[in-house]
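One-letter residues, chain by chain:
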Amino acid sequence: MDGSLIPETPGQARPYVIVVGNEKGGTGKSTTAMHLIVALMRLGYKLGSIDLDERQGTLTRYIDNRRAYAQASGQTLAMPKHRHIERGGDKTKTSAEERGRAKLRQAFQDLADCNFVIIDTPGSDTYLSHLAHQNADTLITPLNDSFVDIDMLARIDRERREVQAPSPYSKMVWENNNRRVVAGLPPVDWIVMRNRLTHIESRNKREIAGLMTQLAQRIGFRVAPGLGERVIFRELFLKGLTVLDDAAQDPGQPPKPSHISARAEIDALLETIGLVHTAPV
Ligand SMILES: Nc1ncnc2c1ncn2[C@@H]1O[C@H](COP(=O)(O)OP(=O)(O)OP(=O)(O)O)[C@@H](O)[C@H]1O
Ligand SMILES: [Mg+2]
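For every chain, the first residue of the written sequence is number 1, and numbering continues from 1 onward in sequence order. Chain A is the first chain written and ligand 1 is the first ligand written, with later ones labelled in order. Where local features are concerned, this predicted model is filtered to residues with pLDDT of at least 70; where side-chain atom pairs are given and counted, the filter is 80 or more; whole-chain, interface and lining totals use all residues. Values reported for side chains reflect all heavy atoms of the structure, with hydrogen atoms and water molecules removed beforehand.

Caption draft 1: The arrangement of the side chain of N195 in detail. One can find N195 in strand β8 (residues 189–195). A relative accessible area of 7% places N195 in the buried class. Apart from the residues within four sequence positions on either side, N195 is in contact with T27, G28, L143, N144, D145 and L227. A run of H or I in DSSP becomes a helix once it reaches four residues, and a run of E becomes a strand once it reaches two; helices and strands are each numbered from the N terminus. Whether a residue is buried, partly exposed or exposed follows from its accessible area with a 1.4 Å probe, protein chains only, as a fraction of its type maximum: under 20%, in between, or over 50%, in that order. The criterion used for residue contact is that any of the two residues' heavy atoms lie within 4.5 Å.

See below:
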């Protein structure tokens, strides 16, 4: 395949690559990526992570915060093997792309001994993000629960609440799938996850649920149950913790109901990906 950057090592299973992607900003990609990383480490897997957000580097900062918190508090926290592809001072678009491609290839090589590689992408259409999408086994797309976010998947007839045409992002995923199939690989398992769901039943929420069912069939993705709007998902960033970390609980206290619900949501995401009952290889 044109974009394949994952090294094949004889006698060694290649890592399973999960890309968290959406060309719209602020939908929960970095938060989801970090929770997936910690969830899979808790299952005993060896994790690699790649941050392709050259500008913000949120996942990298999340992981740096985790390292700093572990050191400051004297606790042992599992860490992924992490790579951040940063901006260089390239003069031309071509040299930036060539450098980015070489760095991503190198990152995959460095992480070849991992069971999973989780890739966080920026909320915009970049060359590196495309490359990552081409190399994904599973693609997770978090969406905020709004028509603005749904527009990222398809053009919708707002009067009739019907799907009109796929979006450029959906077409990009399809094109990647065509390349994968030509290369003898299975198509990417595309999972769309609603994020920041409110707990109040509303007409808007029901309409979006209906549209998602239509879109899933038309565009070809699976729908994960999603994550609720929870303060806890925002609070833990500074310590580099997730709702899955025991260190995020108050010592000697039973887990808070919001933690329990948030953990159940992450478990449901893992189950949708098909990972709950697998053991480390
Ligand atoms: N389920 C949630 N409940 C509450 N806050 C959330 C939830 N998911 C994400 N957030 C918050 O929303 C903001 C955006 O999340 P995040 O940085 O993960 O999005 P992103 O898609 O990676 O953004 P970008 O496109 O800028 O990289 C952050 O402040 C994060 O803490
Ligand atoms: Mg991000």
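Caption draft 2: View of the pattern of salt bridges. The working definition used for a salt bridge is a side-chain nitrogen of Lys or Arg within 4 Å of a carboxyl oxygen of Asp or Glu. Under the criterion given, the structure shown has 21 salt bridges. As a salt-bridge pair, D246 and R42 come within 3.8 Å of each other at their nearest N and O atoms. Of this pair, D246 sits in the loop between α8 (231–235) and α9 (257–273) while R42 sits in helix α1 (residues 29–42), and the two are 204 residues apart along the sequence. By relative accessible area, D246 is classed as exposed at 52%. Under the relative-accessibility criterion, R42 is labelled partly exposed at 46%. R263 serves as the salt-bridge partner of D246, at 3.4 Å between the closest nitrogen and oxygen. Separated by 17 residues along the polypeptide, D246 in the loop between α8 and α9 and R263 in helix α9 bring together distant segments of the chain. Each of R14, D137 and R180 takes part in one network of salt bridges that share partners.

Caption draft 3: Local environment of the packing of helix α3 (residues 93–110) against helix α4 (residues 127–134). The axes are straight lines fitted to the C-alpha atoms, using for helices just the contacting stretch, and the angles between their N-to-C directions are given from 0 to 180°. Their axes nearest at 10 Å, the elements α3 and α4 cross at an angle of 35°. Between α3 and α4 the crossing geometry is right-handed. Together, E97, G100, R101 and L104 of α3 and Y127, L128, L131 and A132 of α4 make up the contact between the two elements. Residue polarity follows a fixed list, in which Ala, Val, Leu, Ile, Met, Phe, Trp, Tyr, Cys and Pro are nonpolar, Asp, Glu, Lys and Arg are charged, and the others, Gly among them, are polar. Residues that form the contact of α3 with α4 fall into these classes: 5 nonpolar, 1 polar and 2 charged. For any helix crossing, the convention is left-handed if the near helix is rotated counterclockwise from the far helix by under a right angle, and right-handed if that rotation is clockwise.

Caption draft 4: Looking closely at the sheet that holds strand β5 (residues 138–144). Pairing between strands is defined by DSSP: at least two bridges between the two strands are required. Pairing is parallel across the open sheet formed by 7 strands, whose spatial order is β3-β2-β4-β1-β5-β8-β9. The sheet is open, and its two edges are formed by β3 (81–84) and β9 (222–224), each paired on a single side. On average, each strand axis in the sheet is tilted by 20° relative to the strand beside it, whichever way the strands run. With 3 bridges connecting them, strand β1 (residues 16–20) and β5 associate as parallel partners.

Caption draft 5: Broad picture of the site of ligand 1. Taken together, the neighbourhood of ligand 1 is formed by 17 residues, with K29, S30, T31, Q56 and G228 sitting nearest. We call two N or O atoms a polar contact when they sit within 3.5 Å, provided that within protein one can donate a hydrogen and the other can accept it, with sequence-adjacent residues counted only if both atoms are side-chain atoms. Within the backbone of S30, an N or O atom sits 2.8 Å from an oxygen atom of ligand 1. Those elements giving two or more residues to the shell around ligand 1 turn out to be α1 and α8. Per-element tally for the shell around ligand 1: the top contributor is α1, with 3 residues. For this description, a residue counts as near a given molecule or strand if any of its non-hydrogen atoms is within 4 Å of it.

Caption draft 6: How the structure looks around the packing of α1 against α9. In the contact formed by α1 and α9, the axes pass within 11 Å of each other and the chain directions differ by 80°. In terms of orientation, α1 and α9 fall into the roughly perpendicular class. Of α9, the residues touching α1 (which contributes T32, H35, L36, A39 and L40) are I266, L269, L270 and I273. Classifying every residue of the contact of α1 with α9 by side-chain character gives 7 nonpolar, 2 polar and no charged. To sort the angles, those under 35 degrees are grouped as roughly parallel, those over 145 as roughly antiparallel, those from 65 to 115 as roughly perpendicular, and the leftovers as oblique.

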